[in-house]
Amino acid sequence: MSYLKPLFSHPKLPKNKIGYTLKEYEGSLSTLCAGCGHDSISAAIVRACFELSIEPHRVAKISGIGCSSKTPTYFLGNSHGFNSVHGRMPSVATGANMANKEMVYFGVSGDGDSASIGMGQFVHVIRRNLNMVYVVMNNGCYGLTKGQDSATADQGSISKSGHVNPFQAIDLASLAIELGASFVAQSFSGDKQQLIPLLKAAIQHQGFAFLNVISPCVTFNNNPGSTKSYDYVREHIEATSVLDFVPHQEEIKTQYDEGKSTRVELHDGSEIQLNKLSMDWNPEDRVSVVSALQNAREKQEILTGLLYINTEWKDLHGTLNTTKTPLNRLKEEELCPGTEALNQINIGFR
Amino acid sequence: MKPTNTRDPEYYHKVVDCQYACPAHTPVPEYIRLIAAEKYTEAYMVNWESNVFPGVLGRTCDRPCEPACRRVRVEEEPVAICRLKRVAADQKGDVKQLMPQGPFPPNGKRIALIGGGPASLTVARDLAPLGYEIHLFDEQIAGGGMMRSQIPSFRLPETVLNEEVGFILDMGIHTQFLTYVSSLREVLSQNYDAVFVGTGAPKGKDLTNLPGRSEGAASIHIGIEWLASVAFEHTKSISKKVIVLGGGNTAMDCCRTARRLGGEEVKVVVRSPFSEMKASPWEKEDAMHEDIQIFDNHVPLSFEVENGKLIGMKFQKVKAVYDEKGKRQLIPTEEPDVFIEADEVLVAIGQQNSFPWIERDLGLEFDQWEMPVVDRTTFQSTLPKVFFGGDAAFGPENVITAVAQGHQAAVSIHLFCQGKDLMDRPSPYTNLVSQKMGIHEWSYDSQIAADHRYAVPQAKKSVTLKDRKKEVELGFDVPTAYKETQRCLNCDVQTVFSADRCIECDACMDVCPTSCINFTENAEEDQLRLNLLVPAENTSQDLLVSENLKTGRVMVKDEDVCLHCGLCAERCPTSAWDMQKYFYSVTKAYQVPAPFPSLQK
Ligand SMILES: Cc1cc2nc3c(=O)[nH]c(=O)nc-3n(C[C@H](O)[C@H](O)[C@H](O)COP(=O)(O)OP(=O)(O)OC[C@H]3O[C@@H](n4cnc5c(N)ncnc54)[C@H](O)[C@@H]3O)c2cc1C
Ligand SMILES: Cc1ncc(C[n+]2csc(CCOP(=O)(O)OP(=O)(O)O)c2C)c(N)n1
Ligand code: SF4
Ligand code: SF4
Ligand code: SF4
Ligand SMILES: [Mg+2]
């Protein structure tokens, strides 16, 4: 068994704008089961950050507990990380983000971590529109504790032991839209072509970006009858659109038919170009997205792609009107401006 | 692209870069692993089976394997393949008991071998155990050919050569040394069933037309003749100031030998630029280390003789100019001619074949360059009974090429003597075995060592320059040899892919440290090469293309910089990847039985 990655890489590995190769964005060798969907998502995150030329030290990875929450060890080894408590990633992320708003925040969670024990934290971080990427690696089970059904397991899905799940599933994407998430996407670990541009768009989105990524658990939930297996997902996947992420000041290369394509400009000037595959849906109209999701559920389809986006809503810092300078960089003289300033404030309350 | 046919024995063979580049296709990683396991005797036998002279080659081989080594493409320096071979030879135990043991029951056929160099000796080794009665003729005092007469003892001690020549001659070969064969007709009249010509390329080129050549004759020597006369101890000294003409390995051996026989100011003068000299880089380094100056871009004009005594040589200075096709021309510079002082000159500007002893009316055709017409596969001449090999066949090469050709000539002779079709050649022996021992356990050491190449220690110059027989290289000690073995990437442990098992989870693609693995739409090769994660620009390395997968894509692996680390197979949930050791051995006329299972049929 290998515990270490070889030091060698392809001698012609391309470099990004800041001179790094993919290697500088990798983490240590995964200890998850071979073939775990979570590893593919990690690889997609590595690629997205590499392609966006993000400086690794500007990223913080925060996670809860679960196989999914272990993955930050396996990507972005040169970034900051905090492996927190089960279901409590959002509060740690909120704290970190409040202190330093200049970082890219990756919240990594699982369906167990978010939809069960962490549900309370999950809903509140959404309604606050915290500027972060929130990835749920959704395998429909508690992988780390050996595959018990989670709250996202579909009703009727059969577990490896043959047990049929009697409960309704929590649809995290619908829930996020309902609670006012400003960016909601759904994808599949086995579809990097879709996942990587989605991740890039999510990173550049100013506000809460939620990605529900179906990620088969090869060991406990990849059996016939499971609705989160590689085969089932591949058969039932329905992409809403083909998505291109066009970074700021780069030329748009692909041209789609008028009417079928939509462009969304993000805060930093980069653009998302969507070539719609499904016509009765508009990613900027919540009602149409919710009904598209409902319709898909009726047809046992898994809708993927960017589902909903709103670039107008203020993120938490905007709402709280915090200082321009990140709070952690304020010096003592700014934080304790002295008796005179205190008196002025007190006068204001009289 | 069509799915790769990995059943073609050459596909996986090509992945083992060193073995593929070796003319005799020595199973390099196999012996390197045996050295790591301290199984020196077995490591020696793997070599001996394939290249016949491990001790000699471990010191002197031209090592075409090393520039081909995969390590060059992922790191910088190749594995010290050649010097590890020497470790096997230095540390070996009793190997003789593992070699074919005579007397062999005679098969009634008689073969003549003309010349006793590595080519003939290889034929002898391959045919003797089959019961052939073998008669070997050589004009020298003992066997070994140029390995004895040309390669100086400070690179190849006589004891090492004697031992390995002895292994063969002890198989009951009838030798007639000090016998110059002056007529092929006469040999043919002895009714041998076949005749093998392994007489090498014995004639050194000269500068006959250069002014002063005849006046200075007493002080001007042909390099290879001079080296032979040193080896056989007819020449024991040289003057203080020596010019060596030529830039190949012979020139390097001449200048270094001259340093040991009394030459104090030894200068190598060569026409071409330094970087284009034919000598191997390590030979040049060793020469310069022995205070030999190399003057490049100097074309000889004349030998300068005063009062009947050679006083030096005149040279014209040139520079290399290249046309669009990259063809080189040496253009004189405006600088004045250069005079270099010398008491003696060694002319080492190349060797030629010469067959004055082969009558031209025997039905044995010669081409316009006076070279025998020889088939490149069978080594048969136009006189069916007569075969050629080594330097005699296609001009001067090296020991390992002579050995490789000797093996093939032996196969042909054996087929010929049985009345079989010479073109119906035996296919190589191949074997592909999984290295899986447990879920993530391999029976080979899959860790990749980042160590840089270790240098072989050398004896002190003050010692080696005083004694022409003192070996310069000391060889690796065992601990260093072990560390060097760990640099080998085990390229023979193949990544074997089964498309029907793949669930396209991408795990292998994501984990591969050198980005070899891709899942992509199929396309024509040129396009496919560009479409990979890292474009596959090295077209000398193949792509492994799978059958169609469930999603309609294919798996494409660029073999170029695969580390054979096995991570793909470790991360694959379905064992669609497996690490399997590929053993490839050129089939010989007589297959030497091996002391361990992987070589046994
Ligand atoms: C100075 C020098 C250094 C070299 N160093 C290396 C090296 O480091 N590594 C390497 O791989 N190669 C080296 N080579 C090349 C290598 O020695 C030859 O390529 C190799 O020995 C060729 O083997 P062969 O069996 O074809 O013939 P040879 O080794 O040339 O043997 C031919 C034999 O036939 C005998 N012979 C010829 N004609 C007759 C006849 N009519 N009757 C009887 N006997 C005859 C000759 O005396 C000789 O013994 C070197 C060559 C030279 C000149
Ligand atoms: C407070 C607390 N409760 C329960 C557990 C046990 N536990 C560990 S991981 C896990 C579920 C993880 O499921 P999920 O988030 O889906 O991660 P996965 O392993 O499936 O990726 C549970 C219940 C725990 N570690 N801590
Ligand atoms: S790494 Fe080892 S097996 Fe591969 S080419 Fe080099 S010596 Fe041969
Ligand atoms: S053995 Fe597999 S993982 Fe390792 S370099 Fe080769 S293809 Fe990549
Ligand atoms: S790891 Fe195995 S199953 Fe997964 S994509 Fe690679 S070969 Fe296929
Ligand atoms: Mg889970």
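Residues numbered from 1 in each chain as written. Chains lettered and ligands numbered in written order. Predicted model: local features only at pLDDT ≥ 70, side-chain atom pairs only at ≥ 80, totals over all residues. Heavy atoms only, no water.

Peer 1: Any details on the UniProt feature "domain: Thiamine pyrophosphate enzyme TPP-binding" (unreviewed entry) in chain A? Residues and values, ideally.
Peer 2: Here the UniProt-annotated "domain: Thiamine pyrophosphate enzyme TPP-binding" (unreviewed entry) positions come out as residues 65-213 of chain A. Between the end C-alpha atoms of residues 65-213 of chain A there is a gap of 17 Å, over a span that is 33% helix and 23% strand. (UniProt positions renumbered as here; feature names shortened; annotations may be inferred. Helix = DSSP H or I, 4+ residues; strand = E, 2+ residues; numbered from the N terminus.)

Peer 1: Which residues make up the coordination of the magnesium ion (ligand 6), and what values go with them?
Peer 2: Distances from the magnesium ion (ligand 6) to its protein donors, Asp111 of chain A (OD), Asn139 of chain A (OD1) and Cys141 of chain A (O), fall within 2.0 to 2.2 Å. Between the donor residues of the magnesium ion (ligand 6), the gaps in sequence give the motif D-x27-N-x1-C. (Donors = N, O, S within 2.8 Å, 3.2 Å for Na, K, Ca; no water.)

Peer 1: Go over the site of ligand 1, please, and point to the residues and values.
Peer 2: Residue and element names in this part refer to chain B. Near ligand 1 you find 32 residues, and of these Thr60, Asp138, Met146, Arg155 and Asp391 are the closest. Here a nitrogen atom of ligand 1 sits 2.9 Å away from a polar atom, N or O, in the main chain of Val181. Contacts to ligand 1 include Asn398, whose backbone N or O atom sits 3.3 Å from an oxygen atom. Relative to its unbound accessible area of 1000 Å², ligand 1 is 96% covered by the protein chains. Secondary-structure elements contributing two or more residues to the shell around ligand 1 are helix 9 (118-127), helix 13 (223-231), helix 14 (249-260) and helix 17 (399-417). (Near = heavy atom within 4 Å. Polar contact = N/O pair within 3.5 Å; in protein donor to acceptor, adjacent residues only side chain to side chain. Areas by Shrake-Rupley, 256 points an atom, 1.4 Å probe, with all protein chains shown as cover.)

Peer 1: Account for the pattern of salt bridges, with residues named and values stated.
Peer 2: According to the stated counting rule, one finds 55 salt bridges over all chains in the structure shown. Between Lys5 of chain A and Glu26 of chain A there is a salt bridge; the shortest N-O distance is 3.4 Å. Residue Lys5 of chain A is found in the segment before helix 1 (37-51), and its partner Glu26 of chain A is found in the segment before helix 1; the two are separated by 21 residues along the sequence. Linking Lys14 of chain B and Asp542 of chain B is a salt bridge whose minimum nitrogen-to-oxygen distance equals 3.2 Å. Of the two residues, Lys14 of chain B sits in helix 1 (residues 9-15) while Asp542 of chain B sits in the loop between helix 21 (525-531) and strand 22 (543-545), which places them 528 residues apart along the sequence. Judged by its relative accessible area of 25%, Asp542 of chain B falls in the partly exposed class. (Salt bridge = Lys/Arg side-chain N within 4 Å of Asp/Glu carboxyl O. Buried < 20%, exposed > 50% of the residue type's maximum accessible area, 1.4 Å probe, protein only.)

Peer 1: Give me the lowdown on a nonpolar patch on the surface, citing residues and values where you can.
Peer 2: All names here are of chain A. A cluster of nonpolar residues, Met1, Tyr3 and Leu4, forms a patch on the protein surface that exposes about 370 Å² of accessible area. Along the polypeptide, Tyr3 turns up in the segment before helix 1. A residue is classified by how much of its surface remains accessible, and Tyr3, at 65% relative accessible area, is exposed. (Patch = residues over 30% accessible without salt bridge, like charges linked within 9 Å, V, L, I, M, F, W, Y side chains within 5 Å.)

Peer 1: Explain the interface of chain B and chain A to me, and be specific about the residues and the numbers.
Peer 2: Contact residues are listed per partner, giving 36 residues for chain B and 28 residues for chain A. Of the roughly 2600 Å² buried at the junction of chain B and chain A (both faces included), carbon and sulfur atoms supply 56%. Among the residues of chain B in contact with chain A, Asp510, Val534 and Arg571 of chain B are the three that bury the most area, contributing 21% of the side total. Our count for the chain B to chain A interface comes out at five salt bridges. Ionic pairing is found between Asp506 of chain B and Lys192 of chain A, a salt bridge with its closest N-O pair at 2.9 Å. (Contact = heavy atoms within 4.5 Å. Buried area = accessible area lost by both parts, 1.4 Å probe.)

Peer 1: Requested: an account of the packing of helix 9 of chain B against helix 11 (residues 158-169) of chain B, with residues and values cited.
Peer 2: When two helices pack together, their arrangement is given by the angle between their axes and by how far apart the axes lie. Residue and element names in this part refer to chain B. Running from N to C, helix 9 and helix 11 cross one another at 40°; their axes reach a closest spacing of 9 Å. The angle between helix 9 and helix 11 places the two elements in the oblique class. Within the contact between the two elements, helix 9 uses Leu121, Ala124 and Arg125 and helix 11 uses Val165, Ile168 and Leu169. Of the residues assigned to the contact of helix 9 with helix 11, the class counts are five nonpolar, no polar and one charged. (Axes fitted to C-alpha atoms, helices over the stretch in contact; angles between N-to-C directions. Parallel < 35°, antiparallel > 145°, perpendicular 65-115°, else oblique. Nonpolar A, V, L, I, M, F, W, Y, C, P; charged D, E, K, R; others polar.)

Peer 1: Describe helix 9 of chain B, naming the residues involved and giving the relevant values.
Peer 2: Most of helix 9 of chain B sits out of view: ten of its ten residues are buried. All buried positions along helix 9 of chain B are accounted for by Pro118, Ala119, Ser120, Leu121, Thr122, Val123, Ala124, Arg125, Asp126 and Leu127 of chain B.

Peer 1: How would you sum up the pairing of strand 23 (residues 554-558) of chain B? Please name residues and give values.
Peer 2: All names here are of chain B. In terms of residue burial, strand 23 counts as a mostly covered element, since five of its five residues are buried. The side-chain alternation of strand 23 yields two buried faces, one formed by Val554, Val556 and Asp558 and the other by Met555 and Lys557. Here four bridges tie strand 21 (residues 517-520) to strand 23, and the two strands are oriented antiparallel to one another. Pairing of Thr520 across the sheet is with Val554, part of strand 23. Pairing analysis gives three bridges linking strand 22 to strand 23, with the strands arranged antiparallel. Each bridged residue has a counterpart across the sheet, and for Val545 the counterpart in strand 23 is Val556. (Pairing = 2+ DSSP bridges.)

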